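Spelled out, the chains give:
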Amino acid sequence: MFSTAFVLYQISSLRPEWLIIFDNADNYPEMVEKYLPPGNIGNILITSRNPALRRIATHENSMEVTEMNEATAIDLLLKTSGFGNQYRNEAQQIVNNLYCLPLAIDMAGAYIT
């Protein structure tokens, strides 16, 4: 079995660039930081509802994703679900229950397909 430090070193040595995704990293920043490879070769994507994780990235390298407007959210749900405009009222209720959050809407559309 390899140590965490060994694996992180190997990742940081990879060519071409690599990508690590920390999805729903809603815990403390220290939980993510201990798994960040050294160096600046690769790319790291962190999704979180915890604003404290902003301290891991520079301001230029972070972006807050907010809710969509309702009309766009409805269009996304109808598109991902495969349902037509005749279900627009039902879609409106669903997207409002999901606070117009793009990932939640996309997942809901895939689920109800």
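Just above, that's the structure.
Residues numbered from 1 in each chain as written. Predicted model: local features only at pLDDT ≥ 70, side-chain atom pairs only at ≥ 80, totals over all residues. Heavy atoms only, no water.

### As for the overall build of the protein chain
Piece 1. If you tally the helices and strands in the protein chain, you get five helices and two strands.
Piece 2. Secondary structure elements of the protein chain, listed N to C terminal, follow the sequence α-β-α-β-α-α-α.
Piece 3. In terms of overall size, the protein chain is more extended than a compact globule, its C-alpha atoms giving a radius of gyration of 19 Å where 113 residues would be expected to give roughly 13 Å.
Piece 4. When the 113 residues of the protein chain are sorted by exposure, 20% land in the buried category.
Piece 5. For the protein chain, restricting intrachain contacts to residue pairs at least 6 apart in sequence, the fraction spanning at least 24 positions comes to 55%.
Piece 6. When the accessible surface of the protein chain is split by element, carbon and sulfur atoms take 57% of a total near 8600 Å².
Piece 7. Here the protein chain holds 7 positive side-chain charges and 12 negative ones, and the gap between their average locations is 5 Å. (Helix = DSSP H or I, 4+ residues; strand = E, 2+ residues; numbered from the N terminus. Rg over C-alpha atoms; globule rule 2.2 N^0.38 Å. Buried < 20%, exposed > 50% of the residue type's maximum accessible area, 1.4 Å probe, protein only. Contact = heavy atoms within 4.5 Å. Areas by Shrake-Rupley, 256 points an atom, 1.4 Å probe, with all protein chains shown as cover. Lys, Arg positive; Asp, Glu negative; His and termini not counted. Charge placed at Lys NZ, Arg CZ, Asp CG, Glu CD.)

### Structural notes on the nonpolar core
Piece 1. With 10 residues, the main nonpolar core is built from M68, A73, I74, L77, L78, A91, V95, C100, I105 and A108.
Piece 2. Put simply, the parts of the chain that give this core at least two residues each are α3 (70-81), α4 (88-97) and α5 (102-111).
Piece 3. The element best represented in this core is α3, accounting for four residues.
Piece 4. Setting aside anything within four residues of it in sequence, one finds I105 in contact with M68, A73, L76, L77, T80, V95, L98 and C100.
Piece 5. With six residues, the next largest nonpolar core counts W18, I20, A25 and L53 among its residues. (Core = buried A, V, L, I, M, F, W, Y, C linked by side-chain atoms within 4.5 Å.)

### With respect to α3
Piece 1. Spanning 12 residues, α3 covers 16 Å between terminal C-alpha atoms, matching the ideal 16 Å at 1.5 Å per step.
Piece 2. When we look at burial in α3, the residues that qualify are A73, I74, L77, L78 and S81. For α3, the arc enclosing every buried residue in end-on projection is 130°, short of the 170-degree limit, so these residues lie on one face.
Piece 3. Where α3 is buried, its residues contact α4 and α5.
Piece 4. By the N-cap criterion, in which a side-chain oxygen at the helix start approaches the backbone nitrogen of a residue two or three places on, α3 is capped by N69, the distance to A71 being 3.2 Å. (Expected span 1.5 Å × (residues − 1). Arc of directions from axis to C-beta. Polar contact = N/O pair within 3.5 Å; in protein donor to acceptor, adjacent residues only side chain to side chain.)

### Side note on the environment of I105
Piece 1. Position of I105 relative to the elements: it lies in helix α5.
Piece 2. What makes I105 buried here is its relative accessible area of 0%.

### Digging into the pattern of salt bridges
Piece 1. Tallied over the entire structure, the rule returns five salt bridges.
Piece 2. For E33, the salt bridge goes to R55, with nearest N and O atoms at 3.5 Å. In this pair, E33 sits in helix α2 (residues 29-33) while R55 sits in the loop between β2 (43-46) and α3, placing the two residues 22 residues apart along the sequence.
Piece 3. Relative accessible area serves as the criterion here: at 32%, E33 is assigned to the partly exposed category.
Piece 4. The network of salt bridges with shared partners includes E30, E33 and R55. (Salt bridge = Lys/Arg side-chain N within 4 Å of Asp/Glu carboxyl O.)

### Re the packing of α3 against α5
Piece 1. Here α3 crosses α5 at 30°, and the two axes come no closer than 7 Å. The orientation of α3 relative to α5 falls into the category roughly parallel. Along this stretch, α3 crosses α5, giving a crossing that reads as right-handed. Counted together, A73, L76, L77, T80 and S81 of α3 and P102, I105, D106, A108, G109 and A110 of α5 form the full contact between these two elements.
Piece 2. Partitioned by chemical class, the residues of the contact of α3 with α5 number seven nonpolar, three polar and one charged. (Axes fitted to C-alpha atoms, helices over the stretch in contact; angles between N-to-C directions. Parallel < 35°, antiparallel > 145°, perpendicular 65-115°, else oblique. Left-handed = near helix turned anticlockwise from the far one by under 90°. Nonpolar A, V, L, I, M, F, W, Y, C, P; charged D, E, K, R; others polar.)

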